[in-house]
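These are the residues of each chain, in order.
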Amino acid sequence: DKQSSLLVDGLQVVPYFDIVSRIDLRTKEKFVACDNFRSPYRSTKSDNISVLAFEITLKHTIQMGNSFHEITDATVCVWAVELDGQCEGADSFCYAFENLLPAQDYEVTIRPFHAFFAAGKNTEYVFGPRSERMRFRTLDGHPFDTPRLLRFETVEARAMTLLWEEPEDTNGLISGYEIRVIGLKNETVGVEENQTTPQRFRVIDGLELQTLYEIKIRAKTGIDNFGPYSESLFVKTCTENMRKVWGNQDDCYALIGFFKNSAGDAESCDTVSYGLQPGSCLVENTTVENLPIQSGYWRPSFQSTNLLPCPDPQFCAQQTSLTNSSDPNKQCAMFHRGVYCFDCVDGFVISESGCKFCSDSEENAHSIALWFYVIIIILVMLIGILQIMCASGIVNTLQDRRNKHCNCIQHRGANARTETKSSSLVKRIRNAIGIFFGKVLKDCFVGYFKVKFRILFGFFQVFYSLRPSFTFWDISYQSSSLLEMVTSFSPGDLADQFDIRCAFDYDHYDILLLYTLIPLVFVGFVFILHVNFSARSSKHKQALRRESINTVLYLTFVIYPGVSGVIFATFQCIDFEQADGNEIFKSTLSHDFRISCGSSKERTFALIYASVMVFVFPVGIFLMYAFLLRRYRALVLIQSGNNDAINLADEDKKRLKTIEFLTEPYTKNAYWFEAYELVRKLVQSYRASFIQTSSGDIVPEVISLNFCFIAVLNLVCWKPYKEQGDFWFALISLILLLPMIQLNLVGISRDGFNDASNTIIVLEFVFMFVIALCQGYYNSRVGSNDTRPEYDGRTAPSSNTCIILPPSEEEMMQMLNDQLEQMAESKQLKGRIRELNDKIKEMDSKNKHIIQSSYTPPNQTDQQHDNVVDCENPLPIVTA
């Protein structure tokens, strides 16, 4: 029936721990009672006691808008004596609520009461007023779980983007995350960095490329209420211009404008844009395998970035998609295969238009062409042997022996009477033609152009070898021009003209055998000819020896650069990096892409054979030149002097004609120049054979350019040619080689190269004829000029001079013999006429008219008539 007037004063909430809030209850008076509350002094059986207690009510609320709604509530009654000593203040009471939820809203109210205990009576409770409602929010607790699904969105060379989900049990409101990034270098801790972010993603930058990083993350509530770290995520950064995404964390891909090469790095598409299709590399994840290569380009494997232009673009017209393909033959046109697609599948042979099928009719036609090919080679060899026999006089000797077995044509009256005036006219015309071709053409035309043709021949030997050195045109199966075929004297070029591949599909090794064996066989026949006729007759032994050596020298002059190049090309291979597993794609012969340089019996035999041929042709021919020049050096120096007509015997002159080919164009001081020209043409033509360089390397061209300048300087310093016209033409020919080498350096297109080379060819011919005409005009002017140097009868006139000079002693003796012979023939003719007149008088008068009509006056009788009548008793030629 009573109510306490005491109030609860100074109600406060003091947080001590993360998940417990303690309530500080402060009261000023202690007169409160509580219903159904046992006395704390029950054990002492004390009566008439008044005990102070508190009723604490705690409600769990949730804020919705501006109001709070109750979720749960709890009421606790405690004795004041039980609360004594738990607070610092003497007048303060403290009670702790445990297991409260973190980051939640609560309401608390307290009312005091007194409990009266009397003996024999029920306990009476007297409650005081309830305190004001106090709202408070518990602090955030430590997150119980780790962030979930830690992953990266993208990883680049120096940055990465991380993503994650919040923990399942946050134990409060997540206020942020801490990211731990540890850089591992050589499996050791390098750099450790902690970064915080309120979002569930983070861009980590400032990283090092191709470095492994360990990443951990933990969540926090409040200010520093951190939860546990997540499991480690190991991420390796990419190289420059590359990126990787989650789900393919072990493979980086290239960004737009780049492609991933075989080393795993990003490479700009600009480095290979020349061989790519237009609009390539406009998407990400372009790799070296799926590079869209345009038609006409080839590479040894799909891991290679070495895009090579095909010598014949139509061979590399790809028929299938190259994406995810591992066979390099997929780059080739139909029926093509191999390096640069220059080989054909079985049953097909290569041609200008590509691989073609050999039908039965084509095989028969090519077999016939093969026989013609063999016949032409045999005819060329026979012509050379016949030339030796004719020049040495063997043919004339054989003809004289045959005539001895024939009966001389007897004089018959009817035949003699049918001789007419026309026979004398025919002989005179024939003599005039012989004089024209024998004197004018030989002394003038051949005299002016003989050496120039040799210079021209040597020019084209170097000229056509410069063109394929940089563009691989030498292995193109396109037919060579007639000029190139003649100057190279190559059996391979001749075989290309006959188109015999269906009957004989030859390669570089076959050309090597033909190019080396044919000259050796010819020289063998020449040697047999020399031994055979020298043993039968000593009359032609020296002449035969002289002509044989000169013919062999002409042959070596023609074939030396070509056969040397074929021999050296046997050792020259092209190695491809990142090549396919097939042996031919790793290393192939530079002059025949169908032949592999890998170890095989055929390759071993070819290398041994080519090594032997090096000493036979490139080295052997040069040593032969040097030996002959050294052996005849004394005679050359005497013959080139001013006293050769006196000091050089006829026998020595004949001996000197043995090497006339080597020394004729040059002066005394430069008699060795032909051997130098041999080396110059070899070095300029096949300088790449001596230097192993990669495809497209300009080192051979630079060496050839420098050597060409050196050759020009040597020519100007030595002035080796006897005739000024020959010197100027040789100088211009060397100068015209310079732009040809420069075209190789600038990498001009095929059409531009052809136009420029054709221009140089025309200029070469024009300069040759212009210089020859100027030389003839100059010599004619000098011949008519009074200041022309006098001919002293000892110095031999130039062979390139058409000027009428005083005859030599030998020519005067020959003219005297001709005059005496004509006088003897005239005297004999008169005697025969008198005999005819006597016979006419003795004939029957009936035939007198016929006999007189067939009579020919003595002064008009043809010389040939006397030759026929007097064949049994010819008059001896009068000699000096």
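See the structure printed just above.
A brief structural summary. (Residues numbered from 1 in each chain as written. Predicted model: local features only at pLDDT ≥ 70, side-chain atom pairs only at ≥ 80, totals over all residues. Heavy atoms only, no water.)

### Things to note about the overall build of the protein
For clarity, the threshold we go by: Only DSSP runs of H or I covering at least 4 residues are called helices, and only runs of E covering at least 2 are called strands; the numbering of each starts at the N terminus. Type-normalised accessible area, obtained with a 1.4 Å probe on protein chains alone, sets the label of each residue: buried when under 20%, exposed when over 50%, and partly exposed for intermediate values. Only heavy atoms enter the contact rule, under which two residues are in contact if any of them lie within 4.5 Å.
For the protein, the count of helices and strands is 23 helices and 29 strands. The burial tally for the protein puts 42% of its 880 residues in the buried class. Across the protein, every contact between residues at least 6 apart in sequence was considered, and the portion connecting residues at least 24 apart equals 66%.

### Re the pairing of strand β10 (residues 159–165)
Applicable threshold: Here the rule is simple: two strands pair whenever DSSP picks up at least two bridges between them.
Among the seven residues in β10, five count as buried, and that is most of the element. Bridge analysis of strand β9 (residues 148–155) against β10 gives five bridges, and the strand direction is antiparallel. Residue pairing across strands places threonine 154 opposite threonine 161, the latter belonging to β10. Counting the residues that bridge the hairpin from β9 to β10 gives three residues. Where β10 and strand β13 (residues 201–205) come together, five bridges link them in antiparallel fashion. In the strand pairing of β13, leucine 163 is matched with phenylalanine 201.

### A short note on the sheet that holds β13
Spatially, the five strands line up as an open sheet ordered β13-β10-β9-β17-β18, and their pairing is antiparallel. Two strands bound the open sheet, and with one partner strand each, they are β13 and β18 (253–254).

### Some details on helix α2 (residues 360–391)
To be explicit about the condition: A helix is expected to span 1.5 Å multiplied by its residue count minus one.
Along its 32 residues, α2 runs 47 Å from first to last C-alpha, staying within 8% of the 46 Å computed at 1.5 Å per residue. Among all positions of α2, only His366, Ala369, Tyr373, Ile377, Met381, Gly384, Ile385, Ile388 and Met389 are buried. Two residues or fewer after α2 comes glycine 393, characterised by a positive phi angle close to 90 degrees.

### Focus: the side chain of threonine 57
Note the threshold: In protein, a polar contact requires one atom able to donate a hydrogen and another able to accept it; more generally it is a pair of N or O atoms within 3.5 Å, and residues adjacent in sequence count only if both atoms are side-chain atoms.
Relative to the assigned elements, threonine 57 resides in strand β3 (residues 49–64). Among the polar contacts listed, one links the side chain of threonine 57 to the side chain of threonine 75, at a separation of 3.5 Å. What threonine 57 contacts, discounting residues up to four positions off in sequence, is Ala74, Thr75, Glu107, Val108, Thr109 and Arg130.

### Description of the packing of helix α8 (residues 508–536) against helix α11 (residues 601–616)
Using the following cut-off: Between N-to-C directions, angles cover 0 to 180 degrees, with each direction set by a line fitted to C-alpha atoms, over the stretch in contact for helices. Each crossing gets its hand from how the near helix is turned against the far one by less than a right angle, where anticlockwise is left-handed and clockwise is right-handed. Gly counts as polar in this scheme, as do all residues outside two lists: the nonpolar Ala, Val, Leu, Ile, Met, Phe, Trp, Tyr, Cys and Pro, and the charged Asp, Glu, Lys and Arg.
In contact at an axis separation of 11 Å, α8 and α11 are set at 35 degrees when each is read in the N-to-C sense. The handedness of the crossing between α8 and α11 comes out as left-handed. Facing Tyr509, Leu512, Leu513, Thr516, Leu517 and Leu520 of α8, the residues of α11 in contact are Glu602, Arg603, Ala606, Tyr609, Ala610, Met613 and Val616. In the contact of α8 with α11, the residues fall into ten nonpolar, one polar and two charged.

### Topic: the sheet that holds strand β27 (residues 573–575)
Across the sheet, three strands lie side by side as β27-β28-β29; this open sheet has antiparallel pairing. In the strand order of this sheet, the two ends are held by β27 and β29 (592–596), each with one partner. Sheet twist, expressed as the mean angle between neighbouring strand axes with direction ignored, is 40 degrees. Sheet topology note: the strand β28 (residues 587–589)/β29 ladder contains two bridges and is antiparallel. Within the sheet, the bridge partner assigned to threonine 588 lies in β29 and is serine 596.

### As for the environment of leucine 163
Counting through the fold element by element, leucine 163 comes out in strand β10. Separated by twelve residues in sequence, leucine 163 and arginine 151 place their C-alpha atoms 5.4 Å apart.

### Examining the packing of aromatic side chains
In plain terms, the rule: Centres within 6.5 Å make a pair out of two Phe, Tyr or Trp rings, where for Trp the six-membered ring is used; the pair is then stacked when the planes are under 30 degrees apart, edge-to-face when over 60, and tilted otherwise.
The tally for this structure, following the rule as stated, stands at 33 aromatic pairs. Between the aromatic rings of tryptophan 164 and tyrosine 177, the centroid separation amounts to 5.4 Å while the plane-to-plane angle is 65 degrees, which identifies the pairing as edge-to-face. With a gap of 13 residues between them, tryptophan 164 in strand β10 and tyrosine 177 in strand β11 (residues 174–185) connect regions that are remote in the sequence. Under the relative-accessibility criterion, tryptophan 164 is labelled buried at 2%. The exposure class of tyrosine 177 is buried, given its relative accessible area of 3%. Centroid distance phenylalanine 504 to tyrosine 506: 5.8 Å. Interplanar angle 50 degrees. Geometry classified as tilted.

None of the figures reported here should be taken as evidence of function without further support.
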